[in-house]
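Summary of structural features
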Amino acid sequence: MSASPEQSDAELLAATTAGDRAAFEALYRRYGPWLAVRLRYRCPDAALVDDAVQETFLAVWRGSARYREGGDVAGWLWQIGFRRLVDAIRGQRARDRLLRLLAGRRWTTAPSAEEELLLGVEYGDLAGALARLSPELRAVMQATVLDGLTTHEAAALLGIPAGTVKTRAMRARRQLRGDLT
């Protein structure tokens, strides 16, 4: 079915619920800009408003927002959009509080095994320490540290399970740490 401009809001919603993309696009073109303008009166953050509008229409498309037959579509969309905006604002405030809390903390960091390995290049006998690793451990260190592969990529390359890559990397780091310090 192709959506036409003369279709009622209820017809567009029914077609959208049935999975008609054209009806959904027509509904969005009809109400998306209107909803964005209304929500911008409530929140000056354009990104939050855009997210709320997107989440509103996503709820309509997925069918998670239920429309009561005979109701006002604009009012229904406004309610969904406003709730999504409030949720977004609350989430933003929670993230801001967490960032302020984290910014006020003093972090003590221990160098990672990779940092110690790179320091070993400058101050230690890295070649000797790597040569003392077993071939299995050396292959894992080559793939994950020197080549920069993820655990899953290294597992695929070496033909071993990802858990084995993690275990061998831990053993190699422990041995290198001992050899380079």
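Here the structure is a predicted model, which means the values were calculated and not measured.

1. Some remarks on the packing of helix α3 (residues 46-62) against helix α4 (residues 73-104)
The geometry of α3 relative to α4 is characterised by a closest axis approach of 8 Å and an angle of 130° between their N-to-C directions. Relative to α4, α3 is oriented oblique. Of the two possible hands of crossing, α3 and α4 adopt the one that is right-handed. On α4, the residues touching Leu48, Val49, Ala52, Glu55, Thr56, Phe57, Ala59 and Val60 of α3 are Trp76, Leu77, Ile80, Gly81, Arg84, Leu85, Ala88, Ile89 and Gln92. The residue makeup of the contact of α3 with α4, split by class, is 12 nonpolar, three polar and two charged.

2. Structural notes on the nonpolar core
Counting residues in hydrophobic clusters, the biggest one holds 27 residues, and the most contacted among them are Leu27, Leu39, Phe57 and Leu85. The element contributing the most residues to this core is α4, with nine residues. When residues no more than four places from it in sequence are discounted, the contact partners of leucine 85 are Leu39, Arg42, Cys43, Leu48, Val49 and Ala52.

3. A short note on the environment of aspartate 179
Positionally, aspartate 179 belongs in helix α9 (residues 162-180). Here the alpha-carbon distance between aspartate 179 and leucine 130, two residues 49 residues apart in the chain, equals 9.2 Å. Every residue in contact with aspartate 179, bar those within four places of it in the chain, is listed here: Ala129 and Arg132.

4. As for the pattern of salt bridges
By the definition in use, this model includes three salt bridges. Residue aspartate 50 is joined to arginine 40 by a salt bridge in which the shortest nitrogen-to-oxygen separation is 2.8 Å. Note that aspartate 50 is positioned in helix α3 and arginine 40 in helix α2 (residues 21-40), a separation of 10 residues in sequence. Its salt-bridge partner being arginine 132, residue aspartate 179 comes within 3.5 Å of it at the nearest N-O pair. Taken together, the positions of aspartate 179 in helix α9 and arginine 132 in the loop between α6 (126-131) and α7 (135-146) put the pair 47 residues apart, joining distant regions of the chain. For aspartate 179, a relative accessible area of 32% gives the class partly exposed.

5. Concerning the environment of aspartate 125
On the secondary structure map, aspartate 125 appears in the loop between α5 (113-123) and α6. As for aspartate 125 and leucine 180, which are separated by 55 residues in sequence, their C-alpha atoms are 6.9 Å apart.

6. Let's talk about the packing of aromatic side chains
Under the criterion given, the structure shown has five aromatic pairs. Measuring from ring centre to ring centre gives 5.0 Å for phenylalanine 24 and tryptophan 61, while their planes differ by 55°; the resulting arrangement is tilted. Within this pair, whereas phenylalanine 24 is found in helix α2, its partner tryptophan 61 is found in helix α3, the two being separated by 37 residues in sequence. Note on phenylalanine 24: relative accessible area 18%, which makes it buried. Judged by relative accessible area, tryptophan 61 falls into the partly exposed class, the value being 28%. With centroids separated by 5.9 Å and ring planes inclined at 80°, the aromatic side chains of tyrosine 31 and tryptophan 34 adopt a geometry described as edge-to-face. Remark: tryptophan 34 and tyrosine 31 occur in helix α2; sequence separation between them is three residues, near one turn of the helix. By relative accessible area, which is 11% here, tyrosine 31 ends up buried. On the basis of relative accessible area, tryptophan 34 is assigned to the partly exposed category, the value being 29%. In this structure an aromatic cluster arises from ring pairing among Phe24, Tyr28, Phe57 and Trp61.

7. Some remarks on the confidence of the model for the chain
Looking at the chain as a whole, the pLDDT averages 83, with 85% of positions reaching at least 70. Summarising per-element confidence for the chain, the mean pLDDT is lowest in α5 (62) and highest in α2 (93).

8. Here we look at α4
With 32 residues, α4 should reach 46 Å at 1.5 Å per residue; the first-to-last C-alpha distance of 47 Å fits that figure. For α4, the set of buried residues is Val73, Ala74, Trp76, Leu77, Trp78, Ile80, Gly81, Leu85, Ala88 and Ile89. Those residues of α4 that are buried are in contact with α1 (9-17), α2 and α3.

About the cut-offs
- Residues numbered from 1 in each chain as written.
- Predicted model: local features only at pLDDT ≥ 70, side-chain atom pairs only at ≥ 80, totals over all residues.
- Heavy atoms only, no water.
- Axes fitted to C-alpha atoms, helices over the stretch in contact; angles between N-to-C directions.
- Helix = DSSP H or I, 4+ residues; strand = E, 2+ residues; numbered from the N terminus.
- Parallel < 35°, antiparallel > 145°, perpendicular 65-115°, else oblique.
- Left-handed = near helix turned anticlockwise from the far one by under 90°.
- Contact = heavy atoms within 4.5 Å.
- Nonpolar A, V, L, I, M, F, W, Y, C, P; charged D, E, K, R; others polar.
- Core = buried A, V, L, I, M, F, W, Y, C linked by side-chain atoms within 4.5 Å.
- Buried < 20%, exposed > 50% of the residue type's maximum accessible area, 1.4 Å probe, protein only.
- Salt bridge = Lys/Arg side-chain N within 4 Å of Asp/Glu carboxyl O.
- Phe/Tyr/Trp six-rings, centres within 6.5 Å; stacked < 30°, edge-to-face > 60°.
- pLDDT = per-residue confidence, 0-100.
- Expected span 1.5 Å × (residues − 1).

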